[in-house]
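Close look at the chain arrangement
Listed below are the residues making up each chain.
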Amino acid sequence: MQTIRTVGSMQRAARAWRRTDRRIGFVPTMGYLHDGHMSLVREARRLVGPQGIVVVSIYVNPTQFAPTEDLAKYPRDLRRDYSLCRTEGVDAVFLPSDAAMYPGKAEGRYSTYVVEERLTQGMEGASRPTHFRGVTTVVAKLFNCVLPDVAVFGAKDWQQAAVITRMTTDLDFPLKVVVAKTRREKDGLAMSSRNAYLSTEERAQATVLRRALDAVKRAVAKNPVPAVEMTQAVARLIATRPAARLDYVAFFDAKTLEPVAMVTRGTRMALAVRLGKTRLIDNDRL
Ligand code: PAF
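Cut-off values and rules
- Residues numbered from 1 in each chain as written.
- Predicted model: local features only at pLDDT ≥ 70, side-chain atom pairs only at ≥ 80, totals over all residues.
- Heavy atoms only, no water.
- Helix = DSSP H or I, 4+ residues; strand = E, 2+ residues; numbered from the N terminus.
- Buried < 20%, exposed > 50% of the residue type's maximum accessible area, 1.4 Å probe, protein only.
- Phe/Tyr/Trp six-rings, centres within 6.5 Å; stacked < 30°, edge-to-face > 60°.
- Axes fitted to C-alpha atoms, helices over the stretch in contact; angles between N-to-C directions.
- Parallel < 35°, antiparallel > 145°, perpendicular 65-115°, else oblique.
- Left-handed = near helix turned anticlockwise from the far one by under 90°.
- Contact = heavy atoms within 4.5 Å.
- Nonpolar A, V, L, I, M, F, W, Y, C, P; charged D, E, K, R; others polar.
- Pairing = 2+ DSSP bridges.
- Right-handed = clockwise from strand over helix to strand, strands pointing away.
- Salt bridge = Lys/Arg side-chain N within 4 Å of Asp/Glu carboxyl O.
- Near = heavy atom within 4 Å.
- Polar contact = N/O pair within 3.5 Å; in protein donor to acceptor, adjacent residues only side chain to side chain.
- Areas by Shrake-Rupley, 256 points an atom, 1.4 Å probe, with all protein chains shown as cover.
- 1 Å grid on protein atoms, 1.4 Å probe; cavity = no way out; pocket = protein on both sides within 12 Å on 5 of 7 lines; lining within 4 Å.
- Points joined across faces, edges and corners; volume = space filled by probe spheres on them.
- Core = buried A, V, L, I, M, F, W, Y, C linked by side-chain atoms within 4.5 Å.

1. Thoughts on the environment of A196
By the element assignment, A196 lies in the loop between β6 (176-180) and α8 (200-205). According to the relative accessible area criterion, A196 is partly exposed, its value standing at 45%. In sequence terms A196 and A155 are 41 residues apart; their C-alpha atoms lie 20 Å from each other.

2. A few points about the packing of aromatic side chains
Within this structure, the stated rule accounts for six aromatic pairs. Ring centres of F26 and F143 lie 6.4 Å apart, and the angle between their planes is 75 degrees; on these two criteria the pair is classed as edge-to-face. Of the two residues, F26 is situated in strand β2 (residues 24-29) and F143 in helix α6 (residues 131-146); the sequence distance between them amounts to 117 residues. For the pair F26 and F143, one class covers both residues: buried. Seen in terms of ring centroids, Y102 and Y110 are 5.1 Å apart; in terms of plane orientation they differ by 85 degrees. Their pairing is edge-to-face.

3. Concerning the packing of α6 against helix α7 (residues 158-170)
Pairs of packed helices are described in terms of their axes, by the angle between the two and the distance that separates them. Packing of α6 against α7 leaves a shortest axis separation of 10 Å and a crossing angle of 50 degrees. Relative to α7, the element α6 lies oblique. Judged by the twist between their axes, the crossing of α6 over α7 is right-handed. Between α6 and α7, the contacting residues are F132, V135, T136, V139, A140 and F143 on the first element and Q159, Q160, V163, I164, M167 and T168 on the second. Its residues assigned to classes, the contact of α6 with α7 shows eight nonpolar, four polar and no charged.

4. Topic: the packing of helix α9 (residues 208-219) against helix α10 (residues 227-239)
Viewed as axis vectors pointing N to C, α9 and α10 meet at an angle of 145 degrees, and their least axial separation amounts to 10 Å. The way α9 lies across α10 gives a crossing that is right-handed. Side by side, α9 and α10 meet where V208, R211, A212, A215, V216 and A219 of the first sit next to M230, V234, L237 and I238 of the second. Partitioning the contact of α9 with α10 into residue classes produces nine nonpolar, no polar and one charged.

5. Notes on the pairing of β6
On a regular strand, one side chain projects to one face of the sheet and the next to the other, so that they alternate. As defined by bridge partners, strand β5 (residues 150-154) adjoins β6 across five bridges and the pair is classed as parallel. Across the sheet, V150 pairs through a bridge with K176, a residue of β6. Viewed along the sheet, the connection from β5 through α7 into β6 turns out right-handed.

6. Some words on the pattern of salt bridges
Counted according to the given criterion, the structure contains 19 salt bridges. The salt bridge partner of D187 is R203, with a shortest N-O separation of 2.9 Å. Residue D187 is found in the loop between β6 and α8, and its partner R203 is found in helix α8; the two are separated by 16 residues along the sequence. Classification of D187 as partly exposed rests on a relative accessible area of 38%. Residue R203 is classed as partly exposed on the basis of its relative accessible area, which comes to 25%. Residues participating in the shared-partner salt-bridge network are E69, E124, R128, D247, R274 and R279.

7. Concerning the site of the ligand
Around the ligand, the surrounding shell consists of P28, T29, M30, N61, Q64, V138, V139, F153 and Q160. Between the ligand and Q64 there is a distance of 2.6 Å, counted from an oxygen atom to a side-chain nitrogen or oxygen. A distance of 2.8 Å separates an oxygen atom of the ligand from a polar atom in the side chain of Q160. For the ligand, the accessible surface in isolation is 290 Å², of which the surrounding protein chains cover 88%. Of all the secondary-structure elements, those providing two or more residues to the shell around the ligand are β2 and α6. In terms of residue class, the shell around the ligand is made up of five nonpolar, four polar and no charged.

8. Here we look at the layout of surface pockets
Considered as a void within the structure, the second largest pocket measures approximately 300 Å³ in volume. Considering the residues around the second largest pocket, the lining is formed by L119, W158, A161, A162, T165, R166, T169, V179, A254 and K255. In terms of residue class, the lining of the second largest pocket is made up of six nonpolar, two polar and two charged.

9. A short note on the nonpolar core
Counting residues in each nonpolar core, the largest one holds 44 residues, and the members touching the most others are M10, W17, V55, F94, V139, F143 and V146. Here V55 is in contact with M10, W17, I24, G25, F26, V27, A92, F94 and V146, once residues within four sequence places are set aside. Membership of the second largest hydrophobic core comes to 24 residues, among which are V225, M230, V249 and V273.

So this is what it looks like as structure tokens:
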């Protein structure tokens, strides 16, 4: 397994692989890998085949964190990440520094960002106003470094996947974006690097996200229910867990992310909940 640290060497490696007709599958991550990430790696391998190349990037992207957020405390364990990547047969890890990704930023010279204007307005975009500008910028840059044929993102970050799919189409990136299923712990909690922040008590209460999704799924299984009613029901359910604070719950069209007035089977539901200082998100098709 190769480690590649600079933009130039990443692009040279990618061009060399392309010259020999090897397809490149790409999984962008911020590290602290878990089985959710590994399932994306397995999907990338499936898509490019045994002769293809699977690249994982590990980069905690500062531009997607607000000054009030957890950038400095974001969990890191590079040794473990490497061991997981090796076990899963990853061919190359792209491990750029901040200076490699944002040249001149420390000196105030970096000034180009990528902004998606529509799908970023609600949900995570409303709660974290600068977040998606950082995500689209870094993902566009990573695409230009890794030159992938296919990039795999997790469905847990549904809005992120929709925004990146839109950006890929709008900016003519010559690659396919694939969205892979959310991996869950046995009790239904979606796998996330941020789960590591939870205390034992918060971890126990974190199952309320999955419970909320299941409760709404049951409630709308037979008849549509107004979104306002479902929002109140979710707020009540979250309030039964003392450590949990509902940030938002949204009912929307899976593709356009437009909110719906009536929640029916097939509507997408997303929610963000704070447990102590940790903010978790989840979503599902109802
Ligand atoms: O989902 C993530 O881990 C990040 O937002 C991503 C896509 C790697 C960009 O930094």
